[in-house]
There are 2 protein chains.
Amino acid sequence: MNIGVIIGSTRPSRIGHQLTKWLLSIITVKHSLNLEMIDLAEWDLPLFNEPEIPAKGEQYYSSEKTRQWSRKIASKDGFIFITPQYNWGYPASLKNAVDYLYNEWSGKPAIIVSYANRGGGKAAAQFRQVLEGLKMRPVETMPAICLTKDMYTENGALKEIEDYKKFAAIYDGVINKAIDELQIELSSKR
Amino acid sequence: MNIGVIIGSTRPSRIGHQLTKWLLSIITVKHSLNLEMIDLAEWDLPLFNEPEIPAKGEQYYSSEKTRQWSRKIASKDGFIFITPQYNWGYPASLKNAVDYLYNEWSGKPAIIVSYANRGGGKAAAQFRQVLEGLKMRPVETMPAICLTKDMYTENGALKEIEDYKKFAAIYDGVINKAIDELQIELSSKR
């Protein structure tokens, strides 16, 4: 099964891409899962500018970039979304990427992983509702990573993964529980 | 009192700017309110790209556009947000504009007006939580406009306001109730 791991943050000083590498390192090898990182900063999608609503189908997409994004998402069987919390909600970068498409997401299972000082549960709950609006199937377990001083260097950058692995280990269980749920959902394709 | 009326949709085929004109025409003249339309499509803010978090203050803003946006929002005493609903949530364009700043919003009252086939109440509720995260004071009444066939021409464009005024009249009461609440909040500045 092909799983897209979508890094939802795009701002220059983000830590989402480092957290994502850590998350992938935690996941116990599941031989049936082929994980690919999809970095929204690299995709650099403009703010939604399609004239037609995405639910009408890909034949209405006006730009080559939208068609490329469509093919990338259509090629995956499920997703792991990694989202920061900004002002108790999801970031514009993530919502924008999701709103570009419709049928490409529909019916597919997903894990939502949030991160913030207190874990980002409010953003995760809002984003879950969005995925339900897209007719996706978010799994029950929603890992929420509480950022702590242990993860940062003295000048405020995120440490190398090796340097906070002991702290990070408390999330191994919940991440792998979510992965197990994802696999169950994948095997019961609708 | 200076009120910013923020048009949250930016896509080429949006109807938000027309709906906003209609809303403003409904509002019973309140001599103490000075309403200014703020069109996010005209502002054309890039996806959030400031290196520092906005709560640190305007002295950390890196671009002239962010500073202009900061001055515009700081100059207002309250806001009316007009938001469409995309996939049961708020659009990226609106969240992006809000996330650019922090102290400029803080403590100010706001009305949230949503629109969608069923009124957009889910997006409005999510956006209300975001405004609370920003320490704003959203008023209780949240007008939700159900888009109906009466509002559109045969080719799918929004009719001229005059042509659906009879239908629109059902929203006069709720809009002016929200405006009254906004005025009460404005007079009890925190």
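Above this text is the structure in question.
The rules behind these values
Residues numbered from 1 in each chain as written. Chains lettered and ligands numbered in written order. Predicted model: local features only at pLDDT ≥ 70, side-chain atom pairs only at ≥ 80, totals over all residues. Heavy atoms only, no water. Contact = heavy atoms within 4.5 Å. Buried area = accessible area lost by both parts, 1.4 Å probe. Salt bridge = Lys/Arg side-chain N within 4 Å of Asp/Glu carboxyl O. Helix = DSSP H or I, 4+ residues; strand = E, 2+ residues; numbered from the N terminus. Buried < 20%, exposed > 50% of the residue type's maximum accessible area, 1.4 Å probe, protein only. Axes fitted to C-alpha atoms, helices over the stretch in contact; angles between N-to-C directions. Parallel < 35°, antiparallel > 145°, perpendicular 65-115°, else oblique. Nonpolar A, V, L, I, M, F, W, Y, C, P; charged D, E, K, R; others polar.

K.L.:
Break down the interface of chain A and chain B for me, with residues and values.
P.N.:
Facing the 31 residues of chain A at the interface are 31 residues of chain B. Both sides of the chain A and chain B interface together cover about 2500 Å² of buried area, and 55% of this is carbon and sulfur. When the buried surface of chain A facing chain B is broken down by residue, Arg11(A), Leu47(A) and Asn87(A) rank first, second and third, together holding 24% of it. At the boundary of chain A and chain B, one finds zero salt bridges. Of all the secondary-structure elements, those providing two or more residues to the side of chain A that touches chain B are helix H4 (92-99) and helix H5 (121-133) of chain A. Examining the composition of the side of chain A that touches chain B, we find that six residues originate from one element, H5(A), more than from any other.

K.L.:
Mind laying out helix H4 (residues 92-99) of chain B, listing which residues take part and the relevant values?
P.N.:
The buried fraction of H4(B) amounts to eight of the eight residues, a majority that puts the element mostly inside the structure. Where H4(B) is concerned, the buried positions are Ala92(B), Ser93(B), Leu94(B), Lys95(B), Asn96(B), Ala97(B), Val98(B) and Asp99(B). Taken together, the buried residues of H4(B) touch H4 of chain A together with strand S1 (2-7), helix H2 (40-43), helix H3 (64-74), strand S3 (78-84) and helix H5 (121-133) of chain B.

K.L.:
Give a description of the packing of H4(A) against H4(B) that names residues and reports values.
P.N.:
Here H4(A) crosses H4(B) at 170°, and the two axes come no closer than 8 Å. For the element pair H4(A) / H4(B), the angle class is roughly antiparallel. Seen from H4(A), the contacting residues are Ala92(A), Lys95(A), Asn96(A) and Asp99(A); seen from H4(B), they are Ala92(B), Lys95(B), Asn96(B) and Asp99(B). Each residue belonging to the contact of H4(A) with H4(B) can be placed in one class, and the counts come to two nonpolar, two polar and four charged.

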